[in-house]
Each structure stands twice: as structure tokens, then as C-alpha cells.
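Structural features, examined
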Amino acid sequence: MKVHHSGYYKWLTQPISNREQSNQKLTIHIKELFKECNGIYGYRNIHKDLIASGIYVNKKRVARLMTQVKLYGVGTYK
């Protein structure tokens, strides 16, 4: 990648960003809601539950975080 050694080690010691900290807190809430619904809800229903509990967040962010922690809802069958 042609990155200088000092730049790499400076990057390693950076503190966690505010956005990453809020993502970690939000992931905890998502896991709790997913556990409450017995693993049935997908990101749409989890998003609705987050809004109902007063946490305003975008659907895409919820979907991305659920994908990162490998939480998938049960699909519908026709």
C-alpha cells in the first residue's frame, strides 16, 4: 500500500471516533431488539422498534449494522 511506517503507527493509536462509538451503542440496542423478537424481525421492523423507543436512525444504517454482526430476519414465503 506504500504507506509510511510512522503514518501507520499513528493511525493505530488513534482514539475511536464518535461515530464508531455511537454505532457500537446502536448495535447493542439492535441485538437486544433482535433477541426480543426471537430472531424473526429484519431491519425494517427493527428500525420501527428503534423509532418507537426514541432512537432516530436511518434504515440503511440499521441494515448495515445488522449485516456487520450477521443478524438476518426470517424471509417471507409465498
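Preceding block: the structure.
As a starting point, this report considers the structure included with it. Bear in mind that the values here come from a model prediction, so they are computed numbers and not experimental data.

A few points about the side chain of asparagine 23
One can find asparagine 23 in helix α2 (residues 18–36). Under the relative-accessibility criterion, asparagine 23 is labelled buried at 7%. If we ignore the near neighbours within four places in the chain, the residues touching asparagine 23 are Arg61, Arg64 and Leu65.

Focus on the environment of cysteine 37
By the element assignment, cysteine 37 lies in the loop between α2 and α3 (43–52). Cysteine 37 sits 36 residues away from glycine 73 along the chain, and the two C-alpha atoms are 9.7 Å apart.

Some thoughts on the nonpolar core
In this structure, Leu26, Ile30, Leu33, Phe34, Ile46, Leu50, Val57, Val62, Leu65, Met66 and Leu71 together form the largest nonpolar core, which totals eleven residues. Counting only elements with at least two residues in this core, the list comes to α2, α3 and α4 (59–68). A per-element tally of this core places α2 first, with four residues. Discounting residues that sit within four places of it in the chain, isoleucine 30 has contacts with Ile46, Leu50, Val62, Leu65, Met66 and Leu71.

Some remarks on the packing of aromatic side chains
How two aromatic rings sit relative to each other is set out by the distance from centre to centre and by the angle between their planes. Under the counting rule described, the total for this entry stands at two aromatic pairs. When the centroid spacing of 5.2 Å and the interplanar angle of 70° are considered together, the rings of tyrosine 8 and tyrosine 9 count as edge-to-face. The class of tyrosine 8 is partly exposed, set by a relative accessible area of 41%. You can call tyrosine 9 exposed: its relative accessible area is 53%. A ring pair is formed by tyrosine 8 and tryptophan 11, whose centres lie 6.1 Å apart and whose planes are at 35°; its orientation type is tilted. On the criterion of helical spacing, the pair formed by tyrosine 8 and tryptophan 11 is a turn pair, its members being three residues apart in helix α1 (residues 5–12). For tryptophan 11, a relative accessible area of 54% corresponds to the exposed category. Here the aromatic residues Tyr8, Tyr9 and Trp11 are joined through ring pairs into a cluster of three or more.

Quick look at α2
In a regular helix each residue adds 1.5 Å, so 19 residues correspond to 27 Å; α2 covers 27 Å between its end C-alpha atoms and thus fits that length. Those residues of α2 not exposed but buried are Asn23, Leu26, Thr27, Ile30, Leu33 and Phe34. The arc enclosing the buried residues of α2, seen along the axis, measures out at 130°, which places them on a common side. Exposed residues on α2 whose side chains face more than 90 degrees from its buried face are Asn18, Lys25, Lys35 and Glu36. Two residues or fewer past α2, asparagine 38 is found with a positive phi of approximately 60°.

Each value, and the rule that gives it
Residues numbered from 1 in each chain as written. Predicted model: local features only at pLDDT ≥ 70, side-chain atom pairs only at ≥ 80, totals over all residues. Heavy atoms only, no water. Helix = DSSP H or I, 4+ residues; strand = E, 2+ residues; numbered from the N terminus. Buried < 20%, exposed > 50% of the residue type's maximum accessible area, 1.4 Å probe, protein only. Contact = heavy atoms within 4.5 Å. Core = buried A, V, L, I, M, F, W, Y, C linked by side-chain atoms within 4.5 Å. Phe/Tyr/Trp six-rings, centres within 6.5 Å; stacked < 30°, edge-to-face > 60°. Expected span 1.5 Å × (residues − 1). Arc of directions from axis to C-beta.

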